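Below are the chains, spelled out letter by letter.
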Amino acid sequence: MPDMVHSHAYESYSVNPVTSDGKTMQAPVTGTVPRGFLPFPFQATPEDALRAGEELFNPVPPSEEVLARGQHLYEAFCLVCHGETGAGDGPLVPKIPTPPSYRSAALLKMKAGQIYHVITLGKGNMSSYASQVSRRDRWKIVHYVQHLQQTEESQ
Ligand code: HEC
């Protein structure tokens, strides 16, 4: 069965007389999204942070388990600066510029999508957590930040 051994198809990296650029393997068309990849069409700007607040909604339904996971991640990644209750008094302060309290008037106005935007892209002296914390886990932290905003004494 020689046909099975000697393929008539062009090899991926071989020269191709049919395509316009002479290559067999073609580049993906502009705007192609790899399988399993979810685009995040926002930049690290104040305008895009606000837009994220309008356009993004927490896809993770709240539950005790979700909140417990959010708390665990918060304590691992955020507490060091933001403090146990989110008052902006973590052990690294004042070695870093003091973060705002989650219960300040400005931060109480933040919508879930905007908090997610900050965790994903960072802001000022706060870096992005996109490479360490998965998308789903970031949304769980958002639940926990909002929980801190609601439950702790306001100041
Ligand atoms: C290295 C210290 C540090 C760590 C760790 C840190 N932050 Fe921040 N965070 C800051 C500082 C400083 C600001 C103020 C940034 C600014 O306004 O320029 C800030 C701002 C914020 C804001 C308000 C953003 C705004 O638009 O005013 C939120 C919400 C926030 N952080 C959440 C988090 C969460 C959630 C984590 C953990 C995933 C975290 N931060 C980890 C230092 C930190």
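What counts, and where the lines are drawn
- Starting afresh in each chain, residues are numbered from 1 along the sequence in its written order.
- Side-chain atom pairs in this predicted model are given and counted only at pLDDT of 80 or more, local residue features only at pLDDT of at least 70, and totals for whole chains, interfaces and linings cover all residues.
- Hydrogens are left out, water is left out, and the side-chain values use all remaining heavy atoms of the structure.
- Helical segments are the DSSP runs of H or I of at least four residues, strand segments are the runs of E of at least two, and each set is numbered from the N terminus.
- Contact between two residues is taken to exist if any of their heavy atoms lie within 4.5 Å; hydrogens are not considered.
- Any nitrogen, oxygen or sulfur atom within 2.8 Å of a metal ion counts as a donor, with the limit raised to 3.2 Å for Na, K and Ca, and since water is left out, coordination shells can look unfinished.
- For a four-donor site, all angles between 85 and 135 degrees give tetrahedral; for four or six donors, opposite pairs above 155 degrees with the remaining angles between 65 and 115 give square planar or octahedral; all remaining cases count as irregular.
- The buried label applies to any residue whose accessible area, calculated with a 1.4 Å probe on protein chains only, is under 20% of its type's maximum; exposed applies above 50%, and partly exposed to all values in between.
- Salt-bridge detection follows one rule: a side-chain nitrogen of Lys or Arg within 4 Å of a carboxyl oxygen of Asp or Glu.
- If a single non-hydrogen atom of a residue is within 4 Å of a molecule or strand, that residue counts as near it.
- Under the rule applied, a polar contact is a pair of N or O atoms within 3.5 Å (in protein, one hydrogen donor and one hydrogen acceptor; residues adjacent in sequence only if both atoms are side-chain atoms).
- Any residue that is not Ala, Val, Leu, Ile, Met, Phe, Trp, Tyr, Cys, Pro, Asp, Glu, Lys or Arg is counted as polar, Gly included; the first ten are nonpolar and the last four charged.

K.L.:
What is the right way to look at the environment of T98 in this model?
P.N.:
Structurally, T98 is set in the loop between α4 (79-82) and α5 (105-108). It is 29 Å that separates the C-alpha atoms of T98 and E55, two residues lying 43 residues apart in sequence. Excluding its chain neighbours within four sequence positions, the residues that come into contact with T98 are G88 and V93.

K.L.:
I tried to follow the coordination of the iron atom of the ligand on my own but got confused; where do I start?
P.N.:
Four donors placed tetrahedrally around a metal ideally meet at 109.5 degrees, and six donors placed octahedrally ideally meet at 90 or 180 degrees. The iron atom of the ligand binds to the protein through H82 (NE2) and M126 (SD), with metal-donor distances spanning 2.0 to 2.2 Å. Coordination geometry of the iron atom of the ligand: the six donor atoms subtend angles of 85 to 178° at the metal centre, consistent with an arrangement described as octahedral. Pair noted here: H82 is in helix α4 and M126 is in the loop between α6 (112-121) and α7 (135-151), with a separation of 44 residues, a long-range link. Judged by its relative accessible area of 26%, M126 falls in the partly exposed class.

K.L.:
How should I be thinking about the pattern of salt bridges in this particular structure?
P.N.:
Should their charged atoms come close, side chains of opposite charge can pair. Following the criterion strictly, the structure yields five salt bridges and no others. Between D48 and R51 there is a salt bridge, with the nearest N and O atoms lying 3.5 Å from each other. In this pair, D48 and R51 both sit in helix α2 (residues 46-55), three residues apart, roughly one turn of the helix. Classification of D48 by relative accessible area gives buried; the value is 13%.

K.L.:
Would you take a moment to explain the site of the ligand for this structure?
P.N.:
Lining the immediate surroundings of the ligand are 21 residues, of which C78, C81, H82, M126 and Y129 lie closest. H82 has a polar side-chain atom sitting 2.7 Å from a nitrogen atom of the ligand. A distance of 3.1 Å is found between an oxygen atom of the ligand and a side-chain nitrogen or oxygen belonging to K123. Residue contributions to the shell around the ligand peak at three residues, all from α4. When grouped by side-chain class, the residues that make up the shell around the ligand number 17 nonpolar, three polar and one charged.

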